[in-house]
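Reading the structure
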Amino acid sequence: MRQSYVKNAAILTASSLILRVAGMGFRIYLANLLGEQGVGLYELILAFYAVFITLATSGVSVASTRLFTEELSRRPAAAKGMARLLCGAAIGLGSLAAAVQWALADVAAQYWLGDIRAAGAIRAAAPSLPFMALAAVLRGFFLARRRVEPNVCSQLIEQAVRILLVVALLAQTEGQGLGTRCMVVLLGSSASEMISAAIMLAFYGGARGTAFGTGKGERPSNGPSRLWAILWPVEGSRCLSSGLHTAENMLVPACLALFLVDAGGRGTALAQYGVLKGMVMPLLFFPFGLMGTLATLLMPEITEAHVCGRHTQLMRLLNRMMTLTMFVSVLAGAVFCAWGKTLAILLYQSKEAGFYLCVLAPVMPMMYLESMLDGALKGLGEQKAGFGYTVWDSVFRIAGVIVLLPHFGMKGFLFVMLYSNTFTCLMNFRRLVQVTHIPVRVFGWFGAPCLAAVPAALLSLRAAGALGNAESWPGLILGCCIMGVAYFLLSWKLGLSEALQGLRKKQPDTR
């Protein structure tokens, strides 16, 4: 079992990095091809689309993993009946979401997104929803069987198909309007989702015999009620969160347009929104992929230690999580502080994106830590508290957008983002300390990474500047390498070695 766990973690980590690199490259390609306004329109469409993805997939994804695990461990024959129930629910929810999205396309584009050009892209994305829901159920089936290869294979092929189709379709629509170009991007994505679902069905067809046996499937005990008991709270909470997030994204360009009424109005607002959401945010969260291994390995152990009452092991795991999260996130923040402007110009030819990167870089540790703390709280059974913080944060962000953006423009939104990420991180951290009573290591978690980052950043800038190529790809790569080595050495001296040794060596738990 342990060997299988490590193997699955290694496969997931490698595939996650490949998908992130490919996805980041695809984002950069789209940003340069569609331009700032095009990326802004595309991001608005994705924000609206996300609500229906949540409706179609969130509940059945959670339910399938949990219910398949229960049935396969007790009565495999009943798991076959559960598979029919789950697939039927997925297709039903997906079809409902697709029908509503298709019907609302014109209204949403004109009145909610503020751009009728989005209607075609919204309709192009709708047919993918039943396939996404079905694939989510089948992924849950393989996760319940501790098999990650089918999920990884389908996602890698899906990403490759998406990129190839979109590139080909965009080449055929060169010179056409932004609405048409966004529509073909969503068409390519829809086709890739359908192919991914077909691949998952093929894997499922090959695995169902060994999983369920050859006998006739039985009706699962209280199947519909058990499914509903999972569906409605998950669907409700996640749809609420997704809806609030989408409302915020719709309001940002509209409120920015009020500030920019004499400087281009809606078009300039959409361009600024596109720079932030389509160029800057993917860059900021790209290094978070390095935390995937940590989350994969630590979160199940945190849950197990909590459930079994192993307090010493739980404290060690949480300390490890805090130390390594801050180590990676502070380094990422320092890189973007020092090299954000150069990176934005080299990738996007945009000084504006460089300014946003430098402003948001100091809050990157809060962004990363918030995500890790949220996962830890869920492992400790505190998901209601995390959900409450998320809702309050969304309400604050919407209020901040409405109040600040018409008067301060993008600077107001940057303030909202800085405050929001700090607030949710501190609330999650406070709750973790309350629940676990973990001793707070101010220097080890926060002080040491910051003390290592500042001289490492200054050294990298000085070294690249001395060579006369600080604003080129060689200078950027050299500067980042120097910063990384200096930061690692300084952090090691300041206590990182203790955390890394804890990852390799398991000590006996003393309760």
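That block above? That's the structure.
These figures come from a predicted structure and were not determined experimentally. (Residues numbered from 1 in each chain as written. Predicted model: local features only at pLDDT ≥ 70, side-chain atom pairs only at ≥ 80, totals over all residues. Heavy atoms only, no water.)

This part is about the overall build of the protein. In terms of helices and strands, the protein carries 17 helices and zero strands. Over its C-alpha trace the protein gives a radius of gyration of 24 Å, about what one expects of a compact globule, namely 24 Å for 511 residues. On the principal axes, the C-alpha backbone points of the protein span a range of 75 × 60 × 40 Å. Split into buried and exposed, the 511 residues of the protein put 50% on the buried side. Restricting to contacts in the protein with at least 6 residues of sequence separation, those with at least 24 account for 81%. Taken as a whole, the protein presents about 22,500 Å² of accessible surface, with 67% of it coming from carbon and sulfur. Measuring between centres, the 42 positive side-chain charges of the protein sit 8 Å from its 24 negative side-chain charges. (Helix = DSSP H or I, 4+ residues; strand = E, 2+ residues; numbered from the N terminus. Rg over C-alpha atoms; globule rule 2.2 N^0.38 Å. Buried < 20%, exposed > 50% of the residue type's maximum accessible area, 1.4 Å probe, protein only. Contact = heavy atoms within 4.5 Å. Areas by Shrake-Rupley, 256 points an atom, 1.4 Å probe, with all protein chains shown as cover. Lys, Arg positive; Asp, Glu negative; His and termini not counted. Charge placed at Lys NZ, Arg CZ, Asp CG, Glu CD.)

Here we come to unusual backbone geometry. The residue Gln 349 is not glycine, and still its phi comes out positive at about 55°. With respect to the helices, strands and loops of the structure, Gln 349 is situated in the loop between α11 (311-348) and α12 (351-360). Take Gln 349: its relative accessible area is 57%, and that puts it in the exposed class. The backbone of His 437 shows a phi angle near 60°, a positive value even though the residue is not glycine. Exposure remark for His 437: the relative accessible area of 62% places this residue in the exposed category.

This paragraph deals with the packing of helix α13 (residues 364-379) against helix α15 (residues 410-436). For any two helices packed against each other, one specifies the crossing angle of their axes together with the interaxial distance. Closest axis-to-axis distance for the α13/α15 pair is 9 Å, and the angle between their directions is 35°. Between α13 and α15 lies a crossing of left-handed hand. Here α13 contributes Met 366, Met 367, Leu 369, Glu 370, Leu 373, Asp 374, Ala 376 and Leu 377 to the contact with α15, which in turn contributes Asn 421, Thr 422, Thr 424, Cys 425, Asn 428, Phe 429, Arg 431 and Leu 432. Class assignment for the residues of the contact of α13 with α15 results in nine nonpolar, four polar and three charged. (Axes fitted to C-alpha atoms, helices over the stretch in contact; angles between N-to-C directions. Left-handed = near helix turned anticlockwise from the far one by under 90°. Nonpolar A, V, L, I, M, F, W, Y, C, P; charged D, E, K, R; others polar.)

Turning next to the pattern of salt bridges. Evaluation of the coordinates by the stated rule reveals seven salt bridges. The shortest N-O distance in the salt bridge between Asp 106 and Arg 123 comes to 2.8 Å. Placement of the pair is Asp 106 in helix α3 (residues 105-112) and Arg 123 in helix α4 (residues 119-125), with a sequence separation of 17 residues. When its relative accessible area of 37% is taken as the criterion, Asp 106 is described as partly exposed. A relative accessible area of 24% places Arg 123 in the partly exposed class. Salt-bridge contacts for Arg 139 lead to Glu 158; the nearest nitrogen and oxygen are separated by 3.7 Å. Taken together, the residues Arg 139 in helix α5 (residues 128-144) and Glu 158 in helix α6 (residues 149-172) connect sequence positions 19 residues apart. When its relative accessible area of 15% is taken as the criterion, Arg 139 is described as buried. The class of Glu 158 is buried, set by a relative accessible area of 10%. (Salt bridge = Lys/Arg side-chain N within 4 Å of Asp/Glu carboxyl O.)

Looking now at a nonpolar patch on the surface. There is a patch of nonpolar side chains on the surface, built from Phe 443, Leu 451, Leu 490 and Leu 494 and spanning about 340 Å² of accessible area. Within the residue set of the nonpolar patch, elements represented by two or more residues are α16 (442-466) and α17 (473-504). Of note, Leu 451 is situated in helix α16. According to the relative accessible area criterion, Leu 451 is exposed, its value standing at 52%. (Patch = residues over 30% accessible without salt bridge, like charges linked within 9 Å, V, L, I, M, F, W, Y side chains within 5 Å.)

Further remarks concern α13. An ideal rise of 1.5 Å per residue puts 22 Å on 16 residues; α13 measures up with 23 Å between its terminal C-alpha atoms. Taken together, the buried positions of α13 are occupied by Met 364, Pro 365, Met 367, Tyr 368, Leu 369, Met 372, Leu 373, Ala 376, Leu 377 and Gly 379. Immediately downstream of α13, the backbone of Gly 381 shows phi near 80°, a positive value. (Expected span 1.5 Å × (residues − 1).)

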